[in-house]
Amino acid sequence: MSQDYFRGDREYFPGIGCIPFEGPESDNPLAFKFYQRERVIGDKTMQEHLRFAVCYWHTFCAKGSDPFGVDTQVFPWDEPADPMAAARARMDAAFEFFTKLGVPYYCFHDRDMAPEGADVAGSERNLAAMVALAAERQAETGVKLLWGTANLFGHPRYMNGAATNPDFAVLTHAAAQVKAALDATVELGGENYVFWGGREGYASLLNTDTRRETEHLARFLDKAREYARSIGFRGTFLVEPKPMEPSKHQYDFDAQTVIGFLRQYGLAGDFKVNVEANHATLAGHSFAHELQMCTDAGLLGSIDANRGDPQNGWDTDQFPTDLYDAVHAMLVVLAGGGLGSGGLNFDAKVRRESVDMEDIFIGHIGGMDTFARALETAHRLRANGALEQHRAARYASFDAGQGARFESGELGLAELRDLAAESGEPERVSGRQEWYENLINQYM
Ligand code: XUL
Ligand code: CO
């Protein structure tokens, strides 16, 4: 037991020390095989590229219940009967975990960190007390806050939505929570602030004024920005798309929907997108597709790293272990210039059947190793340059001559028609998809 590992009066993960790097030959499940914090890839260390974060909610709050069964996991930090004492114990366990795992960041919802009080002021007091402790723990461990957020979906008052609730009184409670969560994020030096609108959508079109609700959402985000900037928040606001669950339809359906919404209401720039892999697949897209749409718009903010299960149509929030998927994602991230002030937050949980304390370490280690390998592979692929050269060459006909004149808007439809008549039937050019796919496999 070493005081380096934990700051409270109890060690919550006894028998597990700081996770070492042992390399791909190691058979120790509690060691990294690929993630080496200080290893330089291109111009940055792995830690600087990947900016890993642990999420407070799945890892320290959720205990394996599902709609058909109760909790299966037992956590020692839940032992205190007083909710604030339990919150303090949970925080000590969380910082012990962050330190032992060796991640630079964490993320939280207000209600993960502090219990709801009897009224607005009571909830604010609870959160402020826990934020003071978090500030101490951050200073002692060097672990930083990637983003904060407010849970605007768990409490029954939000059953018809938060900022999009048809009842103004509910909207005011959502505002109170966001205000306090913004205060907390600023206090803790958070680099971003997230809005995930789990219940900002509808169950039935028949009882919903969708136009009014989306306007309320935009107004709410605008007022949150105004307040946050007034208290000195310099970071990025992030909207996290998801098409459904718990709502039948969520307004922030996917990246392109959110990008259009942010631009329509003058929020783009201050607000960017937090892409979650499992939300992408729920929307019928790939993870890489969502990242690409955000990169094209200059609005990729951060990533919630996880994966779904191809046999399930819901948000299983599994740890990301699919290397092919992660390589594709890292190709997009590197091509876009990296994650900026965002990071890779493991919005992932161990399975309900994984009931040992070490399982949560093993889940995170696997996710970190997957992205470390993906980073290294994507970097080598980009250094080789063949993929990008081939892709660029497909568009060479727009680089000069009439194609370039079209791009700059000089050619009208009638002129384009005359060019078609002149040049006759174009030669068919192969898309060579198999060549691209094989190249990725060759580098993995
Ligand atoms: C839910 C989800 C949330 C957000 C934060 O699917 O992803 O945990 O990341 O509210
Ligand atoms: Co998420």
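Worth saying up front: this structure is predicted, and the values here are computed from it rather than measured.

A. How the structure looks around the overall build of the chain. Regarding its fold elements, the chain presents 16 helices and 12 strands. By the compact-globule yardstick of 22 Å for 444 residues, the chain fits well, its C-alpha radius of gyration being 24 Å. Classification of the 444 residues of the chain by burial places 50% in the buried group. Of the roughly 20800 Å² that the chain leaves accessible, carbon and sulfur atoms contribute 51%. Side chains of the chain give 42 positive and 65 negative charges; the mean places of these two sets differ by 3 Å.

B. Representation of helix 7 (residues 210–230). With 21 residues, helix 7 extends 30 Å from end C-alpha to end C-alpha; this agrees with the ideal 30 Å at 1.5 Å per step. Residues of helix 7 that are buried: Glu213, Thr214, Leu217, Ala218, Phe220, Leu221, Ala224, Arg225 and Ala228. Projected down its long axis, helix 7 carries its buried residues within an arc of 160°, all on one side. Looking at helix 7, the residues exposed on the side facing more than 90 degrees away from the buried face are Arg211, Arg212, Arg219 and Ser230. As for helix 7, its buried residues are in contact with helix 6 (168–187), strand 6 (192–195), strand 7 (201–202), strand 8 (236–239), helix 8 (255–264) and strand 10 (271–276). Backbone geometry just downstream of helix 7 places glycine 232 in the positive-phi region, at approximately 95°.

C. The arrangement of the state of the cysteines in detail. According to the stated counting rule, one finds zero disulfides in the structure shown. In this model cysteine 55 remains outside any disulfide bridge; the closest cysteine sulfur is found in cysteine 107, 7.5 Å from its own. Exposure remark for cysteine 55: the relative accessible area of 0% places this residue in the buried category. Looking at the unpaired cysteine 61, the closest cysteine sulfur is the one in cysteine 55, lying at 8.5 Å.

D. Broad picture of the site of ligand 1. Residues in contact with ligand 1, as listed here, are Trp57, His109, Trp147, Trp196, Glu240, Lys242, Glu276, His279, Asp304, Asp315 and Asp347. Between ligand 1 and histidine 109, the relevant distance is 2.7 Å, taken from an oxygen atom to a side-chain nitrogen or oxygen of the residue. In the model, an oxygen atom of ligand 1 is placed 3.0 Å from a nitrogen or oxygen of the histidine 279 side chain. Considered on its own, ligand 1 offers 290 Å² of accessible surface; in the complex 94% of this is hidden by protein.

E. Main features of the coordination of the cobalt ion (ligand 2). Coordination of the cobalt ion (ligand 2) by the protein comes from Glu240 (OE), Glu276 (OE), Asp304 (OD) and Asp347 (OD), over a distance range of 1.9 to 2.1 Å. Geometry at the cobalt ion (ligand 2) is octahedral, judged from its six donor atoms and the angles of 80 to 172° they form at the metal. Counting residues between consecutive donors of the cobalt ion (ligand 2) along the chain gives the motif E-x35-E-x27-D-x42-D. One end of the pair, glutamate 240, is in the loop between strand 8 and strand 9 (249–250); the other, aspartate 304, is in strand 11 (residues 300–304), with 64 residues separating them in the sequence. When sorted by exposure, glutamate 240 lands in the same class as aspartate 304, which is buried.

F. Spotlight on the layout of surface pockets. Of the volumes computed, that of the second largest pocket is approximately 580 Å³. As for the second largest pocket, its lining consists of 21 residues, and the residues nearest its centre are His328, Leu387, Arg391, Tyr436 and Ile440. Every element with two or more residues in the lining of the second largest pocket is listed here: helix 10 (287–297), helix 11 (323–335), helix 13 (386–394) and helix 16 (433–443). Considering every element that reaches the lining of the second largest pocket, the biggest residue donor is helix 11, with five residues.

G. Geometry of the pattern of salt bridges. Evaluated as defined, the whole model comprises 25 salt bridges. Of the charged contacts, one joins glutamate 116 and arginine 111 as a salt bridge, the two residues approaching to 2.9 Å between their closest N and O atoms. A salt bridge links aspartate 315 to lysine 242, with the nearest nitrogen and oxygen atoms 2.9 Å apart. Taken together, the residues aspartate 315 in the loop between strand 11 and helix 11 and lysine 242 in the loop between strand 8 and strand 9 connect sequence positions 73 residues apart. A residue is classified by how much of its surface remains accessible, and lysine 242, at 4% relative accessible area, is buried. The network of salt bridges with shared partners includes Asp92, Glu136, Arg137 and Glu140.

H. Structural view of the side chain of glutamate 11. By the secondary structure assignment, glutamate 11 is in the segment before strand 1 (40–41). Classification of glutamate 11 as buried rests on a relative accessible area of 11%. There is a polar contact of 2.7 Å between the side chain of glutamate 11 and the side chain of lysine 100.

About the thresholds
Position numbers for residues start from 1 in each chain and track the written sequence from start to end. A letter from A marks each chain and a number from 1 marks each ligand, given out in the order of writing. Given that this is a predicted model, residues contribute local features only at a pLDDT of at least 70 and side-chain atom pairs are listed and counted only at 80 or more, while totals for whole chains, interfaces and linings are drawn from all residues. The side-chain values count all of the structure's non-hydrogen atoms but skip hydrogen atoms and water molecules. Each helix is a run of H or I in the DSSP string that is no shorter than four residues. Each strand is a run of E no shorter than two, and both are numbered from the N terminus. For the radius of gyration, the atoms used are the C-alpha atoms, and the globule rule reads 2.2 Å times the number of residues raised to 0.38. With a 1.4 Å probe rolled over the protein chains alone, any residue whose accessible area is under 20% of its type maximum counts as buried; one over 50% counts as exposed, and the rest are partly exposed. Reported accessibility uses the Shrake-Rupley method at a 1.4 Å probe radius. Residues are deemed covered only where the shown protein chains occlude them. All tallies of charge rest on Lys and Arg as positive and Asp and Glu as negative; His and the ends of each chain are not included. Lysine's charge is taken at NZ, arginine's at CZ, aspartate's at CG and glutamate's at CD. Multiplying 1.5 Å by the helix residue count minus one yields the expected span of that helix. The reported arc concerns the directions from the helix axis to the C-beta atoms and nothing else. In this analysis, two residues are considered to be in contact whenever any of their non-hydrogen atoms come within 4.5 Å of each other. In what follows, a disulfide is any cysteine sulfur pair within 2.5 Å. Throughout, near means a residue has at least one heavy atom within 4 Å of the molecule or strand. Each polar contact in these results corresponds to two N or O atoms within 3.5 Å; when the atoms are within protein, one needs to be able to donate a hydrogen and the other to accept it, and residues that are neighboring in sequence are counted only if both atoms are side-chain atoms. Only N, O and S atoms count as donors, using a 2.8 Å limit from the metal and a wider 3.2 Å limit for Na, K and Ca, and since water is excluded some coordination spheres may look unfilled. Donor angles set the geometry label: tetrahedral for four donors if every angle is between 85 and 135 degrees, square planar for four and octahedral for six if opposite donors exceed 155 degrees and the others are between 65 and 115, irregular for anything else. In this analysis a 1.4 Å probe is tested at points of a 1 Å grid over the protein atoms alone, and where it fits but cannot get out there is a cavity; an open set with protein on both sides within 12 Å along at least five of seven lines is a pocket; lining residues have an atom within 4 Å of a point. Grid points are joined across faces, edges and corners, and a volume is the space filled by probe spheres set on the points. Salt bridge, as used here, is a side-chain nitrogen of Lys or Arg placed within 4 Å of a carboxyl oxygen of Asp or Glu.

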